[in-house]
Amino acid sequence: MSWTQWFIFLLIIQIIHGLGTWKLYTKAGRKAWEAFVPVYNAVILMKIISRQWWWVILLFLPIVNLIMIPAVWVETARAYGKDSKVDAFLCIITLGFYIYYLNYVADVAFIKDRKLTPKTSAGEWITSILFAIVAATIVHTYFFQPFVIPSSSLEKSLLVGDFLIVSKLHYGPRAPMTTVGAPMVHDTIPVLNAKSYLFDDNFEARNTSWKNKLQLPYLRLPGFETIERNDIVVFNQPADTLLDMNNFTPNRNYYKPIDKKTNLVKRCVGVAGDTLEIRNGYVFINGVQNKLPSRAKLQFSYEVSMKQPITTRAEEYRFMDLLKKIGVNDGARLNPNTGNYRVFAATDEEIAQLKIQPNIKNVEPVKRIKGEADEIFPRDPNYNWNVDFFGPVFIPAEGATVNLNSENISIYKRAISEYEGHEVVTRGNQIFIDGQPSTAYTFKQDYYWMMGDNRHNSIDSRYWGFVPFNHTFGKPVFIWMSIDGINDGIKNWSIRWDRVFTTVSGNGERTSYLIPFLIFVVGLTFFNKWRKKKKAKA
């Protein structure tokens, strides 16, 4: 829905509200017309039901309002003496239209200065739980969101099993676009394996706008930081075509709204306006090799040959233990045809240690040859690029104009059509944008190039291209827990204490702030007890 459509929709809601409550407003000593004025009527209603003014804000926050609006229905009924469980049930099951019955049929009177506390302990529990969910949803949506590292694409910087706190304040909180969904649940409701949001299952991805009638247009509050080169960024995968998080079979004709696409975390190696190229696996920006922060370690795959072939399981275990000892976490796999081992991800320092081991004959990097094409972005025979030799390619920036032709249209077509909402058609050597012949296009937003440090074990921009700014949503700032072996069953879990309560960014060795945090918590606890005792004596 566009902003105009949302305005009309909200205006209709206000009329429905006014028609169903104006008599109740007058019984509370207010004017009938106050029930029809948008926003103002909500402020007056909060006074009638004896609730704080800031409830009005909660009524207009997507997802949060799915809890608050039914709460207001129930509170309105209670303000007129209808405070039984049956009344609450009727308010909710009729989607609030029970208020019409109270307004036009029932003989009700306004209760001034009514008691706001629930009558039963069960009611107190329900109220507490609901407001805890509201508070958590607000924090989760607009401030900070927990995130678990699921893969080794940023190995060394972030490990599988790191539990992160992702700040949405850095780049600006993004308002939810999907307005009807379960709070604090991304794509699929756990256990139930059901969709967590209202969606149109018959919609095809190639259309330029999602047909969820209750979807909000993209809106973002200002942030205090821009995305910089080498930042680790959490974003929604642009080319996500998974039906849900439990179904990893892609379907190109399936589409999700932006805020429900799969969450990924990668390093931004190229920002808007950069010209990026990959040479032998190394990123070059504007012709200069990109230098990563000290905590980041590039990793590549290697072929390892032995002086004496490994023939027993015990010898293989010893070799695997050796790899783990020198820091290779992804292990290795035997190639039965050559007798060599493929090490999937290792840094230069780890390979240097491996080479000096007595039974190691040779260690060679496994990289693609320049000009040998892979099935990667932009999947065009004009570009024989692969994961190790890619580009150069210009990363679009807001306001930047790119000249278009039959050769480079495949690079920018997806951005212009799916991310910027235009119809792009090519006929021979001609390019048509929204039916008009075009030789250039000016981009409306910034784009970024996201990659993993584990260069041969990362599905990233090399496969699906640019990441639009409206798909980014946060910056990891803190590791609050880290569990080794998180995918191997709880019996195999072990806490990496050196990573608990450490920052994601920074130079040099990690510093854990766990002890200072525990001291702070203990000190705060004793301070609160002392303050309560002092208050009781006074």
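Small disclaimer: the values here were computed from a predicted structure and weren't measured. (Residues numbered from 1 in each chain as written. Predicted model: local features only at pLDDT ≥ 70, side-chain atom pairs only at ≥ 80, totals over all residues. Heavy atoms only, no water.)

It is worth spelling out the overall build of the protein chain at this point. When its secondary structure is counted, the protein chain shows 12 helices and 26 strands. With respect to the principal axes defined by its C-alpha atoms, the protein chain has extents near 95 × 75 × 40 Å. Looking at the 538 residues of the protein chain, the share that counts as buried comes to 46%. Contacts in the protein chain between residues far apart in sequence, at least 24 positions, make up 66% of those at least 6 positions apart. As displayed, the protein chain has an accessible area near 28,600 Å², and 60% of this comes from carbon and sulfur atoms. (Helix = DSSP H or I, 4+ residues; strand = E, 2+ residues; numbered from the N terminus. Buried < 20%, exposed > 50% of the residue type's maximum accessible area, 1.4 Å probe, protein only. Contact = heavy atoms within 4.5 Å. Areas by Shrake-Rupley, 256 points an atom, 1.4 Å probe, with all protein chains shown as cover.)

Under the criterion given, the structure shown has 19 salt bridges. In this structure, the salt-bridge partner of arginine 229 is aspartate 274, at a minimum N-O distance of 2.9 Å. You can see arginine 229 sitting in the loop between strand 4 (194-195) and strand 5 (232-236) and its partner aspartate 274 sitting in the loop between strand 8 (263-270) and strand 9 (275-279), a full 45 residues away along the chain. (Salt bridge = Lys/Arg side-chain N within 4 Å of Asp/Glu carboxyl O.)

Here the protein chain shows a mean pLDDT of 87. Residues at 70 or above account for 94%. Confidence drops under pLDDT 50 across residues 202-210; counting only partners more than four residues distant or on other chains, this segment forms 23 contacts. Long-range and interchain partners of residues 244-251, a stretch whose pLDDT sits below 50, account for 17 contacts in this model, where long-range means more than four residues apart. (pLDDT = per-residue confidence, 0-100.)

As a further point, take the packing of aromatic side chains. For the structure on display, the rule yields 27 aromatic pairs. Taken together, a centroid distance of 6.0 Å and an interplanar angle of 10° make the contact between tryptophan 33 and tyrosine 40 stacked. We classify tryptophan 33 as exposed; its relative accessible area is 51%. Aromatic pair phenylalanine 390 and tryptophan 449: ring centres 5.3 Å apart, planes at 50°, arrangement tilted. Taken together, the residues span a long stretch of sequence, with phenylalanine 390 in strand 16 (residues 390-394) and tryptophan 449 in strand 22 (residues 447-451) at a distance of 59 residues. Each of the two residues, phenylalanine 390 as well as tryptophan 449, counts as buried. Through pairs of rings, three or more aromatic residues link up here, namely Phe377, Tyr383, Trp385, Phe390, Tyr412, Tyr419, Tyr441, Phe443, Tyr447, Trp449 and Phe466. Here the basic side chain of arginine 220 rests over the ring of phenylalanine 469, its NZ or CZ set 4.3 Å away from the ring centre. A cation sits over an aromatic face here: arginine 427 above phenylalanine 432, 4.6 Å from the ring centre. (Phe/Tyr/Trp six-rings, centres within 6.5 Å; stacked < 30°, edge-to-face > 60°. Lys NZ or Arg CZ within 6 Å of the ring centre and 35° of its normal.)

Our next topic: the sheet that holds strand 14 (residues 341-346). A sheet is described by the order of its strands in space; here 4 strands give the open sequence 13-14-12-15, paired in antiparallel fashion. Each edge of the open sheet is held by one strand with a lone partner, namely strand 13 (332-334) and strand 15 (360-365). Geometrically, the sheet is characterised by an average inter-axis angle of 25° between neighbouring strands, direction not taken into account. Bridge count between strand 12 (residues 300-306) and strand 14: 4 bridges; the pairing is antiparallel. Across the sheet, the residue bridging to phenylalanine 300 is alanine 346, located in strand 14. Together, strand 12, strand 13, strand 14 and strand 15 form the strand contacts of helix 8 (residues 313-326), whose direction differs from that of strand 14 by roughly 20°. Against the sheet, helix 9 (residues 348-355) touches strand 12, strand 14 and strand 15, its axis set at about 155° to strand 15. (Pairing = 2+ DSSP bridges. Axes fitted to C-alpha atoms, helices over the stretch in contact; angles between N-to-C directions.)

What follows covers the packing of helix 4 (residues 65-78) against helix 5 (residues 85-93). Look at helix 4 against helix 5: their axes get within 9 Å of each other, and the N-to-C directions meet at 135°. Of the possible angle classes, the one that applies to helix 4 and helix 5 is oblique. Judged by the twist between their axes, the crossing of helix 4 over helix 5 is right-handed. The segment helix 4 lies against helix 5, with Pro70, Trp73, Val74 and Ala77 engaging Ala88, Cys91 and Ile92. Tallied by class, the residues present in the contact of helix 4 with helix 5 amount to 7 nonpolar, no polar and no charged. (Parallel < 35°, antiparallel > 145°, perpendicular 65-115°, else oblique. Left-handed = near helix turned anticlockwise from the far one by under 90°. Nonpolar A, V, L, I, M, F, W, Y, C, P; charged D, E, K, R; others polar.)

Of all 11 residues in helix 10 (residues 409-419), 9 are buried, a share of seventy percent or more. For helix 10, the full list of buried residues reads Ile409, Ile411, Tyr412, Arg414, Ala415, Ile416, Ser417, Glu418 and Tyr419. Once helix 10 finishes, glycine 421 follows within two positions and takes phi at roughly 80°, a positive value.

Residue proline 378 follows phenylalanine 377 across a cis peptide bond; omega there is 5°. Backbone torsion omega between glycine 391 and proline 392 reads 10°, so that peptide bond is classified as cis. Take proline 392: it is sitting in strand 16. Backbone geometry places arginine 379, a non-glycine residue, at a positive phi of 55°.

Below, the discussion takes up the side chain of glutamine 445. Looking at where glutamine 445 falls in the secondary structure, it is placed in the loop between strand 21 (440-442) and strand 22. Polar side-chain contacts of glutamine 445 include one of 3.1 Å to the backbone nitrogen of asparagine 470. Residues within four places of glutamine 445 in sequence aside, it is in contact with Pro396, Ala397, Glu398, Tyr419, Glu420, Pro468, Phe469 and Asn470. (Polar contact = N/O pair within 3.5 Å; in protein donor to acceptor, adjacent residues only side chain to side chain.)

Our focus in this paragraph is the environment of glycine 421. Within the secondary structure, glycine 421 sits in the loop between helix 10 and strand 18 (424-427). You can call glycine 421 partly exposed: its relative accessible area is 37%. Residues glycine 421 and glutamate 364 lie 57 residues apart in sequence; the distance between their C-alpha atoms is 46 Å.

Its location among the elements puts glutamate 375 in the loop between strand 15 and strand 16. Here glutamate 375 falls in the exposed class, since its relative accessible area comes to 64%. Counting along the chain gives 88 residues from glutamate 375 to tyrosine 463, while the straight-line C-alpha distance between them is 7.7 Å.

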